[in-house]
Each structure stands twice: as C-alpha cells, then as structure tokens.
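Structural features, examined
These are the residues of each chain, in order.
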Amino acid sequence: MRTSLFITCYNDTLFPETGRAVVALLERLGVELDFHSKQTCCGQMHANTGFRGEAFSQAKRFVQLYRDAETVVIPSSSCVAMIRDQYPGLFEEMGNASIREDYKALLPRVYELSEFLLDRLGIEDVGAYFPHRVTYHASCHGLRALQLGDRPYRLLAKVRGLDLAPLANVDRCCGFGGTFSIKNAEVSSAMLAAKLQDVVSTAAEYCTALDNSCLMHLGGAMHRQYAGMKTIHMAQILASTEDLPAEAFA
Amino acid sequence: MTHAVLDPTLAPPFPEGALPVLRNPQLRKNVAHAMDVIQAKRAKLVAEKTDWPELRSAASAIRAHALENLGYYLEQFEARCTAAGGQVHWAADATEAREIILGLLRQENATEVIKIKTMTSAEIQLNPFLQAAGVGVFETDLAEIILQLGDEEPSHIVVPALHINRGQVREIFARQMGLKDLSDAPHALTDAARTYLRQKFLTVPTAISGANFLIAETGGVAVVESEGNGRMCLTLPRTMITVAGIEKVLPRYEDLEVMLQVLARSATGERMNPYTSLWTGVTPGDGPQRFHVVLLDNGRSRMLKRPVERQTLKCIRCAACMNSCPVYRQTGGHAYGSVYPGPIGAILTPQLMQLQHAKSLPYASSLCGACYEVCPVKINIPEVLLELRAQVTDNERRQTVRFLDPLYLGLRVANLVFSRAWLFHLAQRVARIGLRLFTQKDGWIHSLPFIGAKWTQTRDLRGLPRQTFREWWTARAKEAK
Amino acid sequence: MNDSASSRQRILESIRSATAPVSSEPGSENAPDRRVLPRTYIRRGTMNRNACVERMIDRLREYEAEVAECTAEELPATIAAQLASSGKHIFVAPEGLPAAWLAPGFEWKVDRGMASEEIEQAEGAITAAFCGVADSGTIVLHHSPTEGRRALTLLPDRHLCILRASQVVETLPEYFDRCQQTPMLATFISGPSATADIEMTRIKGVHGPRFLAVILVQDEIEEAQSGAKAS
C-alpha cells in the first residue's frame, strides 16, 4: 500500500509535528509514503476569499502534481473539502477537458486521514496509547462537507488509556472560518468564547480535532487565557504509543 | 442604544455593525434563547417526520421549477387573479411599488392603513414613505407593534422582536398605550395588544399585506400566520393591497401540501401554524371587495440568469438558516444592516443591491454550512456566499485603494509564493526569521502589528517551528542514505 | 397605469431573457412540464380510520381545543350541551347550517350578510367544516354555506366546529386530494391563535377566537357496518 502525503501549506509551516505523526502512524501500519517536495497549497484560502483565478492555478497545480499517485492522504478536512466541493466549479469555469479528466480520475484517490485509515486501510485499532482525558472538536468541514460521521469516534474509542469526554454543542462552529478570523475578528472571537465554554467545561487535558486550523484558533485563545488545556491533532494521538508518546513528535 | 440602520445603502459594514451588539449581553442572551427554543422544537418535529428528506427535495424542486418558468407562472397568476376580480400591478423597483401603493390609497381616500407583517414592505421602505405622505400606518403583528411603538428595527424575519425582552415590551406599551399599571407577564402584554387593535380592525377600511405564496393556476394568495391579525386584515376591510416579490409564485394549489409542511416546522417548530388563509381575487359578500396585487421585481429578475444565484430566490422566508447560524447567534440581525438578516440576508441583500452595497455581507460567515443543512428548499448558501465573494473581489481588486489593502496584497503575494516551490520554501524561511522578532521566550507570539493584530487581539500564535515538515522529511531521507 | 404596463413588459422581458423561453399565452401548449418533479414524500397515511380519528382528537386536545364525540343522532343534543357549558348565549350561525343544529334556549343570529359590528356582538359561532387533517390537528374551512363567511369564525371569541369522522384524513396531501375543485377561499385552523414574540413564550389567543371546541361526529360506524366507503 502506497500513499502520497499532502501535508498542506499551513501544517508544513506551523504544525510539522502533525506531519511527523502521520508518517510514524502510517509507517507503523505498513504503508509506504511518498512526499512530493514541490507541493504547496490546495487553493482554499484564495477560493474562500474570492480570488478564484488564483485558486484555479493552485488547484491545477495540485491535480497535476498528484496525477499518478496511488492515493493521496491529507491530514486536514478543510483541504479535502476544497478539493471535493470547489475544484469542480473552478475547473468547469476556467479549466479545459484535460484537467477536468485528470481531476475526475484523481478524486476518488484523495482521502482525509480518518477516511484513509478506516475506508482505505480498513483499520479501526491503530495500536495507539494515549492515557489522557480528551475531548473531540468536530470541525465543520469534516462534519458537514466530508460527512465523516462516527469515523473519528471509532478511531478514538480504540486508543488505549484514552478517556473521551463528550463535547456539548459539538456541531456548532468554533468561529475560525479562515480569513473570517481576521476580517471579522471580533465576531470570530465571540464565537470562540462560546465554544471555549463548552470545551473547557469538559475538564479534558487535550482538545483534539482532524484540523489544525480550528485547533490553532482554540489553542491560541486557551494559551492566552492560561486555560490549562492543550490542543493536539488526532494524528498525534493515533501515532502515540507506549514507546513513542505524542511528545516525541513535538 | 444606537438605532439600527437597516438600509443597505447607509448601514456600516458587517464587522462594524456587529460591534455594538457584541457588547450587549442582554441582546445576545435574548437571541441565543430564541434560537435555542425554535431549534429544539424544529429538531423534534423533523425527527418525527420520516419523509423530511423527501419533502425537502420536493420543496426545492417545486421552487426551482417555478423560478425556471417564472414568466409563464406570473402571467398565469395575473390572468386568473384578474378573472377572479383582482387587479394586478407590476413594479420594477421599490420606488415604483411605493408610488403604486400610494396611488391606490389616494384612490380610496385612505388616511389610515392596517398592515400584516411583510418583509417585502420593509424592503421597499413603505412605512416611512406613507407616513410622510400623510397616511397613518398601523402594524398589527405583535412584534411589529412592539417595534413600531418602541421605534425599533426588526432583527429576525419570523420573530422580529426577539431581541427585546418582556420588561422592555412592558415599558414600551405602558408608555405608548398609556397603561401605567401594565404588568410584564406575556399574557398581559398580549391582552393589551388585542384591545389596542380591535377597533382598528373593525374600522380601518384599507389593509396592506404581503404574501407567502401566489398560486399561479388559480390566482390565489396564501398568507401564513400565528396571531390572527392577518385574518383580520384580509377579511374585514373594504380594500386589500398585497405586495409580493415576483419569486413568491407556486405553480399549483396542491404544491402547498409540501410547502406548508416544511414552512411551519422550519419557521416556528410547529406541525402547522395556527392560521393559513387562502383567497382568490374578490368573493362577493365575503371579505374585501377591492383587491390589488403589486408584483415587485426590485432586482429579482436579474438574479434568475445564473443557477448559482437563482437558487437564492427559492427562499420561503422561514428563517431556519438564521436560527442555526453561529454568527447570527452572536450578532443578532441588526449587524447585517438589512431587513433580511442572517445567512439568507447575506446572499439576498447584496444581490438585490447588485453588489453596489452590502458588499461585506458575503464575508459575514465562517462557511460552516449549518444553514444549508436546515434550509427546507435546499439553498446552498455557502456556495452562493463564495460566488458573491468572487464577484466582490473581481470588482474591487482593480481599484487602487484595494491594491494596497493588506489582505489583498497578502493574498496576491501568497499566490505568487504558492505557484513555485522554491518561492514557497523561501517565504517559509523569511516568515520564520521575521516572526522570531515577535516570538516570546515561551515560544509563542502574543502580539502582532497591523493586520496581524486582528489575530493577536484575542489569541496567541505559536512561533514558527525551526524546521518545516518538508525540511524534516528531506533531512530524514538524507540520513537514511 | 401606463407605467405599470411598461414595467410589466420590462419585468417579463428581464425574466424571459434569463430563463427558459416562455409562451405569451398562459395555459398554451408550452406549459411547463411538471412530470420531472419528485413526489416521493408521504402522500397517503397508513393509519386505520379509528386511529386516524383518534390522532385528530389528540392533536386538537394538544392545542387545548375542547373535543366531544357523538353519533349523528346525538349531535343536536351534544351541540346544546357544548353551548350550555360555555356559559354564553349569543351565537352566530352561517346561513346554510342545518336547522337541527340551532339548539333552543340561545339567541341565534343567522348570517345573511351581517355587518362586522353585529358579528362582533356574538359570543360564539358554530360551523361545519370541509376537512380535518389528523397529522397536524388542522381544520380546513372552505367557507361554504354550512361553514360561513370568514368573519364568522374570526370575530366571535368562541368557535364550535362540527367535524364528521368521515371528513378526517391523516395527511395534508390527502386533504388536497379531496379538493375536487380548488377552493376560492380556504382557512386552515390549527389551534387558537398564538404568538411567541415575547421571549418565545407561547401565548394563546391574540386575535381570532380564543376558544375552539370541536364535536367529532362518528358518522363512519354505521357506514362501516353497512360496508359503504366513507367519503
């Protein structure tokens, strides 16, 4: 089983430990990993801010880069949602028949991380050990765009030592929304404050998610407030074992 | 409290419009409470309705079909309504609609009108226009009375006064109705309204309404309500004037079997609202003997051209979208600066304004998608928001002032950087070095200048790690050799 | 108004240029094709007649409407009892109401074009109905001579509605199936008027009758026995 890792522009720059965890996890599960060093961005930031021409050129670049990949795994639901939901419109509007065909052929081979583990590898118990109280934040792209459903919960349920605290109002947006967090920073912060009430009241040690974008927003505020909780991408929980605890990836 | 401005040509951009609301705990509490109540009721009834997905599909299809064939159905409606004794007028824009209505009132020598709540009349700013022309306008919906007497603006399209609590209502009624001893118990307040309006219903000969649906095959009009003031206005007066957007058309009477089921559940979390009235033209001996329909375009027909925009017109004004919106939850309706707030307002208002105004509204969303999930006619609101963002950006990016806008500049640079791997790698190194300036000893950034301050005003940012993932991978690969 | 006519032209042209081509005559061969519209939602109910009528009664009681049941023979007496229990005396009735329903001992105003002010004097109204929808506890009036003009069931504070079991259907689509002709006037009543505009607290009886009473006439028992289909 081979897969090509698309780390995403922001994970590459801001959360390399998530990438290291994905590598450790997948190699432990016997997957051979490729990493195309020319990768940059899926185009989501530009698409969501209305820069469609720019988003198109990044989308085209992505499709061309991964044309021959057996599969592509992406530890970010929002990027996968971009590829699934917005690429068709961009290619329809600005692409040609060739790129549309390449995209159509590539699409079924693109996986978000939890989808890759459960749907592609058919593995629920990845052999992880993470003896902490954890709450799971369902980011909107994963919840609604990708319809991940119970995948994250099934994976977390098999992590030994993990105490899962349910999050109230789990389907309510944390307020990050990409550039929304800057353009509407005050409203974003108000949504964040409401979300943090639910997160902090779980009394968990860690808040996890499948997207570092939400975690950057939640974690940034909790750090500012000395709230006593950390954020951690689920890849790092799943990669964690007795011999190689999550801190090792940091 | 600052008076909300619901005129898109005058309202401040959304981020600014939201500020006074964000600092108002009472209002935020009222909004959240109202949303929670309706959402809970809706969820229970949707779970009970085993064919809910099929109803949504049918509702969406009926509305889309009506819009695809709008010219046909509007003409059919006009012919049937006229044959039944009604008069149909066509208004290209708000100005024309107001003038038609005033003209009809002058024909009647009307000095007063009673009104059923209609967002369409608020859209064309009818009330101030009529008052200025010397016509007394009496709203008859409880929420609208509260707003009118309290000189307030609506903040929700189904529960317009949800931002006002009982104490505030008591204060308004006591003052304006001269009821010093009025209690703030909701039933006492409602009784006060009932008494206040009774005489008006029985004596004012001219009424103005909106329409929830126009039935093409019969020329009928349907009004959906809870309080009974609608029935009063459309039964007792001599003359009835209904103003309706052209998109309100349904092909057949039986289409109501779908629309009524999804509307009540979505709007108020009920299986059916208390009263729905259907009338056709004029019925001798029963109800108004003069009936006028004013069909309003005001930017709607332009929206039909492209499917991505056309879907906006499927809206049946249930407000489920705003009841589920996490942004609306924090800001309430006034922040949107339009009579249509929330997710639907964020896409409808800019389009009605042809993107000349309300340009900040498509960005008033985190794109969470909760609205699309609950929309009974399946408007893909996030899709429309993205489309409008693209249009706003296309219009603006060439302007000099935008060229130097930090966000625009940043995105242009980012695109350049993302187009070539070596530039991306260089940019990562530059960012890493540059941000070291702002990184504290704990490895975190607590404060950034300029546009970065928008992040750091409420959040820290972890400093950029020494090594990107790619650098780590490359190093590891080298080691392995 | 001339302006309106030219606006009409402009609006229709704007619509046409944006949508499918449309004929200038409504009802012509270019009528839109409706067969593509999905109708996979529930149209016919699955409850048996008894359960259906029981559901109607339950929903009405949920709205705090008073419900009494009786057979066709018992109807006049049940009406009298209902009216007596209201403690009111002046009632208004539609012109076509069966004479047997005008219980003695009360002041009856029969509507033959009464002015609103006079209807306002009545303390209650009694009418028949066209249909009941059990799913939502909705009573549908078509304002026929036995159901009366709309003001009759609007102004007085009480509405006593006589609903036959054979008129009750389970689902809203079934009501529409029953409309052989589309009504010119229809009022759908689902409980007394209400508002939730003040802090989302549901308050009953803003305008319109605050008291709704329904007499459910079990007219299907005999029909079932005789094997005839309820209609």
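Residues numbered from 1 in each chain as written. Chains lettered and ligands numbered in written order. Predicted model: local features only at pLDDT ≥ 70, side-chain atom pairs only at ≥ 80, totals over all residues.

**As for the overall build of chain B**
Helix and strand counts for chain B stand at 23 helices and 12 strands. With the C-alpha coordinates aligned to their principal axes, the bounding extent of chain B is approximately 95 × 55 × 50 Å. Relative to its 481 residues, chain B shows a buried fraction of 56%. Residue pairs at least 24 apart in sequence account for 72% of intrachain contacts in chain B once pairs closer than 6 positions are excluded. (Helix = DSSP H or I, 4+ residues; strand = E, 2+ residues; numbered from the N terminus. Buried ≥ 20, exposed ≤ 12 C-beta atoms within 10 Å, placed from the backbone. Contact = placed C-beta atoms within 7 Å.)

**Observations regarding the domain arrangement of chain A**
Each domain of chain A was delimited in the assignment, giving domain 1 (2–120) and domain 2 (133–245). Taking only C-alpha atoms, the centre of domain 1 of chain A and the centre of domain 2 of chain A are 22 Å apart. (Domains from an automatic or database assignment.)

**Some words on the interface of chain B and chain C**
A common way to report how large an interface is uses the accessible area buried once the components associate. Between chain B and chain C, the residue contacts involve 77 residues of the former and 63 residues of the latter. Partitioned by chemical class, the residues of the side of chain B that touches chain C number 36 nonpolar, 25 polar and 16 charged. When strand β9 (residues 275–280) of chain B meets strand β9 (residues 185–189) of chain C, the two strands line up antiparallel, connected through five bridges. Across the sheet, the residue bridging to tryptophan 279 of chain B is leucine 185 of chain C, located in β9 of chain C. (Nonpolar A, V, L, I, M, F, W, Y, C, P; charged D, E, K, R; others polar. Pairing = 2+ DSSP bridges.)

**Overview of the sheet that holds strand β1 (residues 2–5) of chain A**
Backbone hydrogen bonds hold the strands of a sheet together, and the pairing may be parallel or antiparallel. All names here are of chain A. Reading across the sheet, the four strands line up as β2-β1-β3-β4 and stay open at both edges, with parallel pairing between neighbours. Each having just a single partner strand, β2 (32–34) and β4 (110–112) make up the two edges of the open sheet. Recorded for the sheet is a direction-independent mean angle of 35° between the axes of neighbouring strands. Looking at chain direction, strand β3 (residues 72–74) and β4 are connected through three bridges and run parallel. Bridge pairing links isoleucine 74 to glutamate 112 in β4. (Axes fitted to C-alpha atoms, helices over the stretch in contact; angles between N-to-C directions.)

**Let's talk about the interface of chain B and chain A**
Every contact between the two is made by 50 residues of chain B and, on the other side, 51 residues of chain A. Counting residues per element, the ones that place at least two in the side of chain B that touches chain A are α1 (14–22), α15 (326–331), α18 (381–396), α20 (406–419), α21 (421–436), α22 (453–456) and α23 (469–480) of chain B. Of the residues forming the side of chain B that touches chain A, the biggest block, six residues, is contributed by α20 of chain B. Of the residues belonging to the side of chain B that touches chain A, the class tally is 30 nonpolar, 14 polar and six charged.

**So, the arrangement of the chains**
Inter-chain contacts occur across two pairs of chains; the most extensive set of contacts lies between chains B and C. One thing to see here is that chain A and chain C don't touch, and their nearest C-alpha atoms sit 19 Å from each other.

**Points about the sheet that holds β9 of chain B**
Taken together, eight strands build an open sheet; the order of strands is β8(B)-β5(B)-β6(B)-β9(B)-β9(C)-β6(C)-β5(C)-β8(C) and the sheet is mixed. The sheet is open, and its two borders are formed by β8 (249–250) of chain B together with β8 (168–169) of chain C, each paired with just one other strand.

**Description of helix α4 (residues 52–65) of chain A**
Its 14 residues place the ends of α4 of chain A 20 Å apart at the C-alpha level, agreeing with the 20 Å of an ideal helix rising 1.5 Å per residue. Among the 14 residues that make up α4 of chain A, 10 are buried, leaving the element largely enclosed by the rest of the structure. Residues Arg52, Glu54, Ala55, Phe56, Gln58, Ala59, Lys60, Arg61, Phe62 and Val63 of chain A constitute the buried set of α4 of chain A. Of the surrounding elements, those touching the buried residues of α4 of chain A are α3 (44–49), α5 (77–94) and α6 (97–106) of chain A together with α18 and α20 of chain B. (Expected span 1.5 Å × (residues − 1).)

**A short note on the packing of helix α11 (residues 185–200) of chain A against α1 of chain B**
Look at α11 of chain A against α1 of chain B: their axes get within 8 Å of each other, and the N-to-C directions meet at 40°. Accordingly, the angle class assigned to the pair α11 of chain A and α1 of chain B is oblique. From α11 of chain A, Glu186, Val187 and Ala190 of chain A reach across to α1 of chain B, where they touch Pro15, Ala18, Leu19 and Leu22 of chain B. Partitioned by chemical class, the residues of the contact of α11 of chain A with α1 of chain B number six nonpolar, no polar and one charged. (Parallel < 35°, antiparallel > 145°, perpendicular 65-115°, else oblique.)

**Focus on the pairing of strand β6 (residues 220–225) of chain B**
All names here are of chain B. Of all six residues that make up β6, six are buried, and the element is covered over most of its length. Pairing of strand β5 (residues 213–215) with β6 involves three bridges; the strand directions are antiparallel. Residue pairing across strands places leucine 214 opposite valine 221, the latter belonging to β6. Hairpin connection from β5 to β6: four residues lie between these consecutive antiparallel strands, with glycine 219 at a positive phi of about 80°. Bridge analysis of β6 against β9 gives six bridges, and the strand direction is antiparallel. Note that in β9 the partner of valine 223 across the bridge is serine 277.

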